[in-house]
Amino acid sequence: MTTEPNPPIDPNTPRELEKARSDLKTLRAELQAARAERDTIRGERDDAIKSRDGLKAQFDKQKSEAEAKLAEATAAVAKAQEDAAEAGRAAKAQADAAVIRAEAKAAAIRLGAVAPEDVVKLIDLDTVKIGENGEVEGLDTVMAAAKEARGYLFSEPPKPGTETGTTKAPAPPKPGDPAPFNAAKADAKDVAANAAALGLKWPPT
């Protein structure tokens, strides 16, 4: 058996190998750079996601706080309105009560109450109301019941002179009588003359 001699070496082969090694190094460097760029891009993407999530969380927090403040402000306005309405109702009720007490006192006087204030304190005015027309309603019934139940607090109210016949009209002035002296309109001379007519000294000493 015979062996063939070694084939001759191509002189370009070492150069090609060296070039291949150089190209491989270049490819490895480019691959490493590409990986580094990929990692950078991934890092930037992750940072962007974190920033987005952080902004979203911040926005959600601010939104939640704003909604809470709005709800608080709305509740405060509603409470203020209710307090104002309640204050208005209380003031009206107090004013109505004062009017009713005053009307009750006047009614007690008309009915001949000995002490009208005591009558007003003793009677129950809860059923007496101020109507929509502003008139006091139900007071006559309450006063009539009070007079019947507590007659000792009342006396017969004085009758006007037109009913008793005791009304006296002032006598008409006689012709030639001087006009009544009016001190409010009189001057110093008139005052002195009137004093002299009455036998008084003017000015007094």
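For clarity, every value in this text was computed on a predicted model and none was experimentally measured.

So, how was this worked out
- Residues numbered from 1 in each chain as written.
- Predicted model: local features only at pLDDT ≥ 70, side-chain atom pairs only at ≥ 80, totals over all residues.
- Heavy atoms only, no water.
- Helix = DSSP H or I, 4+ residues; strand = E, 2+ residues; numbered from the N terminus.
- Contact = heavy atoms within 4.5 Å.
- Areas by Shrake-Rupley, 256 points an atom, 1.4 Å probe, with all protein chains shown as cover.
- Core = buried A, V, L, I, M, F, W, Y, C linked by side-chain atoms within 4.5 Å.
- Buried < 20%, exposed > 50% of the residue type's maximum accessible area, 1.4 Å probe, protein only.
- Salt bridge = Lys/Arg side-chain N within 4 Å of Asp/Glu carboxyl O.

Colleague: Describe the overall build of the chain, listing the residues and the values that go with them.
Modeller: Along the chain, the regular secondary structure elements total 5 helices and 2 strands. For the chain, contacts bridging at least 24 residues in sequence account for 49% of all contacts bridging at least 6. Carbon and sulfur atoms make up 58% of the accessible area of the chain, which totals about 17,300 Å².

Colleague: Provide a residue-level description of the nonpolar core, including the pertinent values.
Modeller: Formed by 16 residues in total, the largest nonpolar core has its most connected members in A104, V119, I123, L125, V128, L139 and M143. Where this core is concerned, the elements lending two or more residues are α1 (13-110), α2 (116-122) and α3 (139-149).

Colleague: So what's going on with the pattern of salt bridges? Residues and values would help.
Modeller: This model, assessed by the stated rule, comprises 11 salt bridges. Note that K19 and D23 form a salt bridge whose closest N and O atoms lie 3.1 Å from each other. Here K19 and its partner D23 are both found in helix α1, 4 residues apart, which amounts to about one turn of the helix. Since its relative accessible area comes to 36%, D23 is described here as partly exposed. Taking the shortest distance from any N to any O, the salt bridge between D96 and K92 comes out at 2.8 Å. Separated by 4 residues within a single helix, D96 and K92 lie in helix α1, roughly one turn from each other. One network of salt bridges, in which partners are shared, links E82, E86 and R89.

Colleague: Go over the environment of I100 with me, naming the residues and quoting the values.
Modeller: Among the secondary structure elements, I100 is positioned in helix α1. Sequence spacing of I100 and K129 is 29 residues, and the spatial spacing of their C-alpha atoms is 7.6 Å. In this structure, I100 is in contact with L125, V128, K129 and I130, ignoring residues within four places of it in sequence.

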